[in-house]
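So you can see what is in the structure, the chains are spelled out below.
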Amino acid sequence: MRNITRAFSAGILFATTILAIVYHVYYMGDTHVTKQQYELVIAERNKLADELEKLKKEKKNTTLPRKETYVYTLTIEKGEASRDIAKRLEQARIIDHAQSFLTYLDTHQLTRAVRPGTYVVTSDMSHEQIARQITK
């Protein structure tokens, strides 16, 4: 995360430098950029480009931490509301947001297709996979 922040900061610094020069040239009445100013901007750009490449290489070499997978045994009773099922799945960390799962069920007209029973679901399952399992 630190590398991303550094790269973002480097980009902002580069953009600010360019904007400062453009502002100075066009709005301060000076239409001439000295060779020294030009070389300074190019040197700064090259420095930032090198730093960005270095950060990209570091990012490629780092691996993302594995997301923990949760397993939950979901028991659905006859007549149980979909929103209650979605809330339990969210509390069990199977889904991130109960509302997004309810929206998926509504969009695919599966709200009334949920069947009572006991199902094993995991946090690496998609909304589609969970819905397919509980609507069999």
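The structure under discussion appears in the preceding block.
Residues numbered from 1 in each chain as written. Predicted model: local features only at pLDDT ≥ 70, side-chain atom pairs only at ≥ 80, totals over all residues. Heavy atoms only, no water.

Asker: I'd like to hear about the side chain of Gln133, residue by residue, with values.
Answerer: Mapped onto the elements of the fold, Gln133 is located in helix α5 (residues 127-134). A relative accessible area of 19% means that Gln133 is categorised as buried. Excluding residues within four positions of it along the chain, Gln133 makes contact with Tyr119, Val120, Val121 and Met125. (Helix = DSSP H or I, 4+ residues; strand = E, 2+ residues; numbered from the N terminus. Buried < 20%, exposed > 50% of the residue type's maximum accessible area, 1.4 Å probe, protein only. Contact = heavy atoms within 4.5 Å.)

Asker: I'd love a proper account of the pattern of salt bridges, names of residues and values included.
Answerer: Tallied over the full model, the rule gives three salt bridges. Note that Lys56 and Glu53 form a salt bridge whose closest N and O atoms lie 3.9 Å from each other. Taken together, the residues span about one helical turn, with Lys56 and Glu53 both in helix α2 (residues 35-61) at a distance of three residues. Exposure remark for Lys56: the relative accessible area of 43% places this residue in the partly exposed category. For Glu53, a relative accessible area of 41% translates into the label partly exposed. Between Glu128 and Arg132 there is a salt bridge; the shortest N-O distance is 2.8 Å. With Glu128 and Arg132 both in helix α5, this residue pair falls four residues apart, about one helical turn. Look at Glu128 and you get partly exposed, because its relative accessible area is 41%. With relative accessibility at 47%, the residue Arg132 sits in the partly exposed group. (Salt bridge = Lys/Arg side-chain N within 4 Å of Asp/Glu carboxyl O.)

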